[in-house]
Amino acid sequence: MPIEDRDAIRTIGVLTSGGDAPGMNAAIRAVVRNALSHGLKVRGIRRGFHGLLKEEIIDLSARDVSDTIQRGGTILLTARCKSMMTEEGQQKAAAICKKYGIDGLVVIGGDGSFRGAKTLTELGVNVIGIPGTIDLDIACTDYTIGFDTAVNTAMEAIDRVRDTSTSHERCSIIEVMGRDAGYLALWCGIANGAEKIFMPEENDYDEAALVEDIKDCMRRGKKNYIIINAEGVGDSINMAKRIEELTGIDTRATILGYMQRGGSPTCKDRVYASTMGAMAVDLLMEGKRNRVVGYQHGQYVDFDINEALSMKKEISGYQYTISKTLAL
């Protein structure tokens, strides 16, 4: 049953689940300090749902989250948890929340984490989700914790690769993260002035046409050729080998990998994550549950988890079109 009054909330649990993202610590800090300011108790759950099932639960004080807002990763650690996909695991997780007196649970993570949160809500746990993923692939929100830091980290790395690519008159394929979503690739492609962008959503990879375009650019005196390739398209190393064989132009593949997840979060990730963390506590105190905090059209909003999970997010067709136009 829904909470009837704020007195029903006495203890809030918080966990991070799935892939880590810069800014998660800012959200954790905000949850802890906003809850404590209202006289609530806060329990941190280490290693996500996996840690919940293992009862890795600790009390958190204001001091425990001091000097964390500037740190990347997550102080609560994170892990994947296949057991939360089973009915037995879900029942056990709900029982453990009850055992530790956790009246409200804040889950920071992506779609997979929200599916786990949804099952707990159905079992009587009051849950609020906060979108934390560098992939920007949660449909109900224009912003997800970590994307701004990750895209800036990738952008700066690509700028450096372009410098050396120009010096050697080279073609460079730079692979960014994004197994199922191409937002990092698209944003970096535009921000770094890439000649080509390959994404899972718009993978129009025509190797013959690509080879001719590279040759044409180099004939016209261009000193480099940058291809941004999303992880979901992949095959960057073999792609580089084939391009070099077919063009005779020195071609290198650079896979940025997990460096995009780390590092100190940007101002935007710190401020937005802090606001979302505080808002999650406020929603629980208002008697809400089964909600996801989001950011749309300049406003912080919340959605029913079922509604949020049913939404579909698509790459901006206009942005993809102009990325090609600006690369001419």
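Look up: the structure comes first, before these words.
Residues numbered from 1 in each chain as written. Predicted model: local features only at pLDDT ≥ 70, side-chain atom pairs only at ≥ 80, totals over all residues. Heavy atoms only, no water.

Trainee: Sorry if this is basic, but what is going on with the overall build of the chain here?
Mentor: Scanning the chain for helices and strands turns up 11 helices and 11 strands. Taking 20 Å as the expected radius of gyration for a compact globule of 328 residues, we find that the chain reaches 22 Å, a close match to that expectation. By residue count, 52% of the 328 residues in the chain fall in the buried class. In the chain, once contacts between residues fewer than 6 apart in sequence are set aside, the share between residues at least 24 apart is 74%. Charge separation in the chain, taken as the distance between the mean sites of 40 positive and 45 negative side-chain charges, equals 5 Å. (Helix = DSSP H or I, 4+ residues; strand = E, 2+ residues; numbered from the N terminus. Rg over C-alpha atoms; globule rule 2.2 N^0.38 Å. Buried < 20%, exposed > 50% of the residue type's maximum accessible area, 1.4 Å probe, protein only. Contact = heavy atoms within 4.5 Å. Lys, Arg positive; Asp, Glu negative; His and termini not counted. Charge placed at Lys NZ, Arg CZ, Asp CG, Glu CD.)

Trainee: Whenever I open this one, the packing of aromatic side chains confuses me. Can you help?
Mentor: Any two aromatic rings considered together are summarised by their centre-to-centre distance and by the angle between their planes. One pass over the structure, following the stated rule, counts five aromatic pairs. Centre to centre, the rings of Tyr-272 and Tyr-295 are 4.8 Å apart; their planes meet at 45 degrees, and the pair counts as tilted. Residue Tyr-272 is located in helix H9 (residues 267-285), and its partner Tyr-295 is located in strand S10 (residues 291-296); the two are separated by 23 residues in the primary sequence. Seen from their ring centres, Tyr-295 and Tyr-300 are 4.9 Å apart, and the 65 degrees between their planes marks the pair as edge-to-face. On the basis of relative accessible area, Tyr-300 is assigned to the partly exposed category, the value being 27%. An aromatic cluster of at least three residues, connected via ring pairs, comprises Tyr-143, Tyr-272, Tyr-295 and Tyr-300. Cation over ring: Lys-313 sits above Tyr-183, and NZ or CZ is 5.2 Å from the ring centre. (Phe/Tyr/Trp six-rings, centres within 6.5 Å; stacked < 30°, edge-to-face > 60°. Lys NZ or Arg CZ within 6 Å of the ring centre and 35° of its normal.)

Trainee: Sorry if this is basic, but what is going on with the packing of helix H7 (residues 207-219) against helix H8 (residues 236-247) here?
Mentor: For any two helices packed against each other, one specifies the crossing angle of their axes together with the interaxial distance. Two elements in contact, H7 and H8, have axes whose closest approach is 10 Å; the angle formed by their N-to-C orientations is 60 degrees. The angle between H7 and H8 places the two elements in the oblique class. Between H7 and H8 lies a crossing whose hand is right-handed. Here H7 contributes Glu-207, Leu-210, Val-211, Ile-214 and Lys-215 to the contact with H8, which in turn contributes Arg-242, Ile-243, Leu-246 and Thr-247. (Axes fitted to C-alpha atoms, helices over the stretch in contact; angles between N-to-C directions. Parallel < 35°, antiparallel > 145°, perpendicular 65-115°, else oblique. Left-handed = near helix turned anticlockwise from the far one by under 90°.)

Trainee: How should the pattern of salt bridges be read in this particular structure?
Mentor: Opposite charge on two side chains makes pairing possible when the charged atoms of those side chains draw close. One pass over the structure, following the stated rule, counts 19 salt bridges. Between Arg-43 and Asp-59 there is a salt bridge whose closest N-O contact spans 2.9 Å. Here the residue Arg-43 occupies a position in strand S2 (residues 41-45), and Asp-59 occupies one in strand S3 (residues 57-59), the gap between them amounting to 16 residues. You can call Arg-43 buried: its relative accessible area is 16%. Asp-59 gets classed as partly exposed once you look at its relative accessible area, which sits at 45%. Arg-170 is the salt-bridge partner of Asp-250, the closest N and O atoms lying 2.9 Å from each other. Placement of the pair is Asp-250 in the loop between H8 and strand S9 (251-255) and Arg-170 in the loop between helix H5 (147-167) and strand S6 (171-176), with a sequence separation of 80 residues. By sharing partners, the salt bridges in this structure join Arg-170, Glu-244, Asp-250 and Arg-252 into a single network. (Salt bridge = Lys/Arg side-chain N within 4 Å of Asp/Glu carboxyl O.)

Trainee: Would you take a moment to explain the sheet that holds strand S11 (residues 299-304) for this structure?
Mentor: The strand order across the open sheet built from seven strands is S3-S2-S1-S4-S5-S10-S11, with neighbouring strands paired in mixed fashion. Each end of this open sheet is capped by a strand with a single partner; those strands are S3 and S11. Each adjacent strand pair in this sheet contributes to an overall mean axis angle of 25 degrees, direction not counted. Taken together, the six bridges between strand S4 (residues 104-109) and strand S5 (residues 126-131) define a ladder with parallel strand orientation. When the bridges of S5 are listed, Val-107 appears paired with Gly-129. (Pairing = 2+ DSSP bridges.)

Trainee: Which parts of the structure should I look at to understand the environment of Ala-208?
Mentor: With respect to the element layout, Ala-208 can be found in helix H7. Assessed through its relative accessible area of 54%, Ala-208 is described here as exposed. Sequence separation between Ala-208 and Ala-95 is 113 residues; the distance between their C-alpha atoms is 58 Å.

Trainee: Whenever I open this one, the side chain of Thr-251 confuses me. Can you help?
Mentor: If you trace the backbone, Thr-251 turns up in strand S9. Look at Thr-251 and you get buried, because its relative accessible area is 4%. Side-chain polar atoms of Thr-251 contact the backbone oxygen of Ile-249, separated by 2.9 Å. In contact with Thr-251, other than residues within four places in its own chain, are Arg-170, Cys-171, Ile-173, Ala-240, Ile-243 and Glu-244. (Polar contact = N/O pair within 3.5 Å; in protein donor to acceptor, adjacent residues only side chain to side chain.)

Trainee: Is there a simple way to explain the side chain of Thr-11 in this structure?
Mentor: Structurally, Thr-11 is set in strand S1 (residues 11-16). For Thr-11, a relative accessible area of 9% corresponds to the buried category. Excluding residues that lie within four positions of it along the chain, Thr-11 makes contacts with Lys-41, Arg-43, Tyr-100, Gly-101, Ile-102, Asp-103 and Gly-104.

Trainee: What am I meant to see in the nonpolar core here?
Mentor: Inside soluble globular proteins, nonpolar side chains tend to come together where they are buried. Counting 60 residues, the largest nonpolar core has Ile-12, Val-14, Val-106, Ile-108 and Ile-228 as its most contacted members. The residues touching Ile-12, leaving out its near neighbours within four places in the chain, are Val-31, Ala-35, Leu-40, Lys-41, Val-42, Arg-43, Ile-102, Gly-104, Val-106, Val-281 and Leu-284. Residues Phe-49, Ile-57, Leu-105 and Ala-308 belong to the second largest nonpolar core, which totals 27 residues. (Core = buried A, V, L, I, M, F, W, Y, C linked by side-chain atoms within 4.5 Å.)

Trainee: Even after reading the chapter, I still don't get the sheet that holds S6, so can you show me in this structure?
Mentor: Pairing between the strands of a sheet comes from backbone hydrogen bonds, and it takes one of two forms, parallel or antiparallel. With parallel pairing, the four strands of this open sheet are ordered in space as S7-S8-S6-S9. The open sheet has two edge strands with one neighbour each: strand S7 (196-198) and S9. Pairs of neighbouring strands in the sheet enclose a mean axial angle of 15 degrees, with direction left out of account. Sitting on the sheet, H5 is in contact with S6, strand S8 (225-230) and S9, with an inclination near 165 degrees to S6.

Spatial relationships are all this shows, so hold off on functional conclusions.
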